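Structural overview for review
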Amino acid sequence: MRVTDKTAREFYAKEAVKAGWSVRQLERQINTMFYQRILASHDKESVAKEIEVVEPKPEYESIVKDPYVLEFLNLSANEHFYESDLEQALINHLQKFLLELGRGFSFVARQKHINFDGRHFYIDLVFYNYILKCFVLIDLKVDDLTHQDIGQMQMYVNYYTRELMNEGDNPPIGILLCADKSDTLVRYTLPEDNKQIYAAKYLPYMPTEEELRRELNLDVFKKLGD
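Residues numbered from 1 in each chain as written. Predicted model: local features only at pLDDT ≥ 70, side-chain atom pairs only at ≥ 80, totals over all residues. Heavy atoms only, no water.

**Examining the overall build of the protein**
Helix and strand content of the protein: nine helices and six strands. When each of the 226 residues of the protein is scored for burial, the buried share is 37%. Here the contacts in the protein between residues at least 6 apart in sequence split such that 60% fall between residues at least 24 apart. Element-wise, carbon and sulfur atoms account for 53% of the exposed surface of the protein, whose accessible area totals about 13,900 Å². (Helix = DSSP H or I, 4+ residues; strand = E, 2+ residues; numbered from the N terminus. Buried < 20%, exposed > 50% of the residue type's maximum accessible area, 1.4 Å probe, protein only. Contact = heavy atoms within 4.5 Å. Areas by Shrake-Rupley, 256 points an atom, 1.4 Å probe, with all protein chains shown as cover.)

Here is the structure:
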């Protein structure tokens, strides 16, 4: 972070985590000297709330990460494992997985059974986010994400929207947690106004500095290609 003052830098880091600021919100707070103004103001609550008026925080996007770091599972980067293995590991380390998911999550179900005219489907993990007041459905994919995977998640989300939402709930969201994905495939499979389905990669271990640099360079090339 470019903030040179150590105390201010730590303040911004803690507030960004606590309030779930987006990158744009964090940039705005730094540029408008939020730290200095909060110290000098006699009405600190009004100063703290102004960001939600000037630049409202995105709703569902604010809770979806990409990637999720699952280093606490101790999965080997080169070892092949199945989706059931990944699911069991997440259940075994549920408390740490909840921390990685972020604020407001509570566990609801594992392998949630859905039956359509004798056809059986199972949603890997179901959570509820009490901040957004919505169900969060997670499907695990240990391979490259396909358009069929996205279509299946769309079905799950539609089912929860029409059958299982409680009074006062917001529409559910679905997260496809996968080993790899094509952002272009995801973009063209989902409708332009999509607000309910998200694809995110998981990392079985914290990448090295060189791997991070390589990934960042790849992301730049992808954006240039788009």
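**Side note on the pattern of salt bridges**
Opposite charge on two side chains permits them to pair, given that their charged atoms come into close proximity. A complete count under the given rule lists six salt bridges for this structure. A salt bridge links D180 to K201; the shortest N-O distance between them is 3.7 Å. Taken together, the residues D180 in strand β5 (residues 173-180) and K201 in strand β6 (residues 197-203) connect sequence positions 21 residues apart. On the basis of relative accessible area, D180 is assigned to the partly exposed category, the value being 35%. Across the pair K181 and D183 runs a salt bridge whose closest N-O atoms are separated by 2.5 Å. Overall, the relative accessible area of 35% leaves D183 in the partly exposed class. Where salt bridges share partners, they join D139, K141 and D149 into one cluster. (Salt bridge = Lys/Arg side-chain N within 4 Å of Asp/Glu carboxyl O.)

**Considerations on the layout of surface pockets**
A volume near 580 Å³ is recorded for the second largest pocket. As for the second largest pocket, its lining consists of 15 residues, and the residues nearest its centre are D66, K181, D183, Y198 and A199. Of all the secondary-structure elements, those providing two or more residues to the lining of the second largest pocket are α8 (183-189) and β6. Among the residues forming the lining of the second largest pocket, the class breakdown is seven nonpolar, one polar and seven charged. (1 Å grid on protein atoms, 1.4 Å probe; cavity = no way out; pocket = protein on both sides within 12 Å on 5 of 7 lines; lining within 4 Å. Points joined across faces, edges and corners; volume = space filled by probe spheres on them. Nonpolar A, V, L, I, M, F, W, Y, C, P; charged D, E, K, R; others polar.)

**Examining the pairing of strand β2 (residues 105-116)**
Regular strands have side chains that alternate between both faces of the sheet. The sheet contact formed by β2 and strand β3 (residues 119-129) spans 10 bridges and is antiparallel. Opposite F105, over in β3, you have N129 as the bridge partner. The antiparallel hairpin formed by β2 and β3 contains two residues in its connecting segment, where D117 sits at a positive phi of about 50°. (Pairing = 2+ DSSP bridges.)

**Digging into the packing of aromatic side chains**
Scanning the entire structure with this criterion turns up nine aromatic pairs. Relative to F135, the ring of Y128 lies with its centre 5.2 Å away and its plane at 85°, an arrangement referred to as edge-to-face. When sorted by exposure, Y128 lands in the same class as F135, which is buried. Relative to Y160, the ring of Y159 has its centre 6.3 Å away and its plane inclined at 75°; by these criteria the two rings are edge-to-face. Judged by relative accessible area, which is 24%, Y159 ranks as partly exposed. What makes Y160 buried here is its relative accessible area of 3%. A network of ring pairs unites the aromatic residues F116, F121, Y128, F135, Y159 and Y160 as a single cluster. (Phe/Tyr/Trp six-rings, centres within 6.5 Å; stacked < 30°, edge-to-face > 60°.)

**As for the sheet that holds β3**
Judged by pairing direction, the sheet is mixed, and its six strands sit side by side in the order β1-β6-β5-β4-β3-β2 without closing on themselves. One side of each edge strand has no neighbouring strand; the edge strands of this open sheet are β1 (68-69) and β2. Two strands pair when backbone bridges link them, and β1 and β6 are joined in this way by two bridges, in the parallel orientation. By the bridge assignment for β6, Y68 is matched with Y202.

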